[in-house]
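Chain by chain, the residues run as shown.
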Amino acid sequence: MNNTFPAVRLHGTLGKALQSVVNNRLKKVDYRLLESPFANRNEADNGWRCEFWGKIVRSAILANNSVRDPELEAIIRETVRNIMATQTPDGCISSYPADKQTTFWDIWGRKYVILALLRYYYMVESDEKVKICCVKMLDHLMSQVNRDKKDIRTCGLHDGLASASILGAVVGVYKLTGEKRFLEYARYIAESGCSMVHNIFKAARNGVAPQTIGNAKSYELTSCFQGLAELYLLDPKPEYKEACEKYFHAVREKEIFITGVGGLRDCCGEYWYDGKFRQTRSDSGMLGETCVTTTYLHYCDAIANLLDPAIPMAEAERSLYNGILGAMSPDGTQWIHCNPTPLTGGGAKIPADDQINRGFGTPFGGNDCCLAQGPEALAMAPRLAVRMCKNGAELNIFEALTAELANGTKIEVSGNYPAEASAEISVASPAEFCLRLRIPEFCTAVTLNGSACDFSKGEYLEITRQWSADDRVKMTFDCSLKEVAAPDGSPFTAVVRGVLVMAEAAAPADYMVCEKWHDRTLFDYASAGRLMSKDDPLTVWFKNN
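Residues numbered from 1 in each chain as written. Predicted model: local features only at pLDDT ≥ 70, side-chain atom pairs only at ≥ 80, totals over all residues. Heavy atoms only, no water.

**Considering the overall build of the protein**
Now for step 1: A count of helical and extended segments in the protein gives 15 helices and 18 strands.
Now for step 2: Computed over the C-alpha atoms, the radius of gyration of the protein is 23 Å, within 12% of the 24 Å expected from 2.2 N^0.38 for a compact globule of 545 residues.
Now for step 3: With the C-alpha coordinates of the protein rotated into their principal frame, the extents come out at 65 × 55 × 45 Å.
Now for step 4: Out of the 545 residues in the protein, the part that is buried amounts to 61%.
Now for step 5: Looking at the protein alone, contacts between residues at least 24 apart form 68% of all its contacts between residues at least 6 apart.
Now for step 6: Accessible surface for the protein amounts to roughly 19700 Å². Of this, 48% is attributable to carbon and sulfur atoms.
Now for step 7: Looking at charge distribution, the protein has the averaged site of its 60 positive side-chain charges lying 2 Å from that of its 67 negative ones. (Helix = DSSP H or I, 4+ residues; strand = E, 2+ residues; numbered from the N terminus. Rg over C-alpha atoms; globule rule 2.2 N^0.38 Å. Buried < 20%, exposed > 50% of the residue type's maximum accessible area, 1.4 Å probe, protein only. Contact = heavy atoms within 4.5 Å. Areas by Shrake-Rupley, 256 points an atom, 1.4 Å probe, with all protein chains shown as cover. Lys, Arg positive; Asp, Glu negative; His and termini not counted. Charge placed at Lys NZ, Arg CZ, Asp CG, Glu CD.)

**With respect to the packing of helix H5 (residues 106-123) against helix H8 (residues 167-177)**
Now for step 1: The geometry of H5 relative to H8 is characterised by a closest axis approach of 9 Å and an angle of 35 degrees between their N-to-C directions. Between H5 and H8 lies a crossing of left-handed hand. Of H8, the residues touching H5 (which contributes Lys111, Ile114, Leu115, Leu118, Tyr121 and Tyr122) are Ala169, Gly172, Val173, Lys175 and Leu176.
Now for step 2: Of the residues in the contact of H5 with H8, the class split is eight nonpolar, one polar and two charged. (Axes fitted to C-alpha atoms, helices over the stretch in contact; angles between N-to-C directions. Left-handed = near helix turned anticlockwise from the far one by under 90°. Nonpolar A, V, L, I, M, F, W, Y, C, P; charged D, E, K, R; others polar.)

**Side note on the environment of Ala406**
Now for step 1: One can find Ala406 in the loop between strand E4 (401-404) and strand E5 (410-414).
Now for step 2: Expressed as a C-alpha distance, the spacing of Ala406 and Cys291, which sit 115 residues apart in the sequence, is 32 Å.

**Observations concerning the confidence of the model for the protein**
Now for step 1: Scored by pLDDT, the protein has a mean of 94; 97% of the residues are at 70 or more.
Now for step 2: Low confidence marks residues 358-365, where pLDDT is under 50. Its contacts with residues over four positions away, or in another chain, come to 20 contacts. (pLDDT = per-residue confidence, 0-100.)

**Let's talk about the nonpolar core**
Now for step 1: With 172 residues, the main nonpolar core has Leu117 and Leu437 as its most contacted residues.
Now for step 2: With near-sequence residues (within four places) excluded, Leu117 lies in contact with Trp53, Val80, Ile83, Met84, Val130, Cys133, Cys134 and Met137. (Core = buried A, V, L, I, M, F, W, Y, C linked by side-chain atoms within 4.5 Å.)

**Details of the sheet that holds strand E7 (residues 433-438)**
Now for step 1: The strand order across the open sheet formed by four strands is E2-E3-E7-E10, and the pairing between neighbours is mixed. Edge strands, defined here as strands with exactly one partner in the open sheet, are strand E2 (386-389) and strand E10 (460-465). Averaged over all pairs of adjacent strands, the angle between strand axes in this sheet comes to 25 degrees, irrespective of strand direction.
Now for step 2: Strand direction decides the pairing type here: strand E3 (residues 392-395) and E7, joined by four bridges, are parallel. Pairing of Glu394 across the sheet is with Arg436, part of E7.
Now for step 3: Across the sheet, helix H14 (residues 310-324) is in contact with E2, E7 and E10; its angle to E7 comes to roughly 60 degrees.
Now for step 4: Running over the sheet, helix H15 (residues 369-385) touches E2 and E3 and is turned about 40 degrees from E2. (Pairing = 2+ DSSP bridges.)

**Section: the sheet that holds strand E8 (residues 443-448)**
Now for step 1: Here we have seven strands laid out as an open sheet, ordered E1-E4-E5-E6-E11-E8-E9, and antiparallel in their pairing. Strands with a single pairing partner mark the edges of an open sheet, and in this sheet they are strand E1 (7-10) and strand E9 (451-452).

**Here we look at the pairing of E8**
Now for step 1: Relative to strand E11 (residues 473-477), E8 runs antiparallel, the two sharing five bridges. Looking at the pairing, Leu448 lines up with Val473 of E11.
Now for step 2: Bridge analysis of E8 against E9 gives two bridges, and the strand direction is antiparallel. What sits directly across from Thr447, in E9, is Ala452.
Now for step 3: Between E8 and the antiparallel strand that follows it, E9, lie two residues; Asn449 among them carries a positive phi value of about 55 degrees.

Structure (structure tokens):
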């Protein structure tokens, strides 16, 4: 394994869920079937089977960076070899026949292949063949779509957003190679504005609400902004940063539900639509596509490199412990596409159905876009839990974990957070080391070896010292129930307990927490409704008496 990233193993709720996903989902996917559209180039019905290989393989790589399962690593290595074997002499890896390439979802699918290969290079094996494969793929695309030949905004769906979202993959290849032609290509995509409707980045800088940027397709739209945030790190133009920051704050303030989930308006919950203020309604489409939430997590990760990470990391924690855990079946085999709708009662968690089988005559492994994306979101938890920073590391998630950094430093967290109200942290470092602790709004105390530390809620507490084996930092949290008024002023109230959103539902077989609130029995949202059946509904927003 490449040691560029910290080796973080979560042992609490998120960690156990990730292990279940590895055992019961990622190791059981039929990767040969995912490869076959690329080997045969038979996706002639304008479908999106092209996305599944890259999505699932990149999630397997990220999950295995934490779990370290030899069987899964062998699967990853084999399927990467197989997909690279589909590359033709012109550099193309595509599931689309030649006469349909660059249309519909083709470039979108190529994006995910490149992203998976880049992750393989950094996290599994720095194989020169993988690097060359990515270069050839991108050079081939650049010969088809460029400033002088074909506008990338005309190549795919959603007014260009789907194809233009390859921006992040282009930045990744430039970062890997340092080849200036790839930087110029990334700039070309950014300058295009990524949409035929208008320049989405200018729209964000001008304060346009997310629901009226481009066509408001939240997954593809946010992917474009994620690419711009990554481009800024290598090409720091102020207008890039301004667009990314304003978009993040607008999405957070206008679109994300109490559960850390986003997306609504249509029957799949896939658009920005002033969601924060419509989450108590039943006339705004389904709520919260898992793909949207996964992409929001990616964006929180990206934006944390541009501004103080305390807010985006708090958002990420909320999404992980509520929307993401709540979208997964207890055994990790199934994920929901839409979150329960409505959240005011009667909505249920329903497993996603098969998408990849459409147009093919045989079953294709039961793959839905959200079933492919859910594991990716969960696999991000270790990466977000411990992030490298100047002179040390940030701790953003407080469930039990162990982390080994490249410099030999080891961080351990013990306790049963977020079910219980405290976490204990130790650091073994061969040198002076800075531990940055994200302080949640519901943190009540931090002590170092029993002595109180001063801190500000919603910010980071920095502790720089030569750590000894006996040093202990203890964080204490307020886990009492808090009532939250509906953002739109409607007569509804929700209940939170620390980071956890609470819900009324039939008693699940297993749960993190159970609390009494007035005459109701509430469970954590992630555990509520886990039978994933219309006969197992739940309620998050309660009508005021």
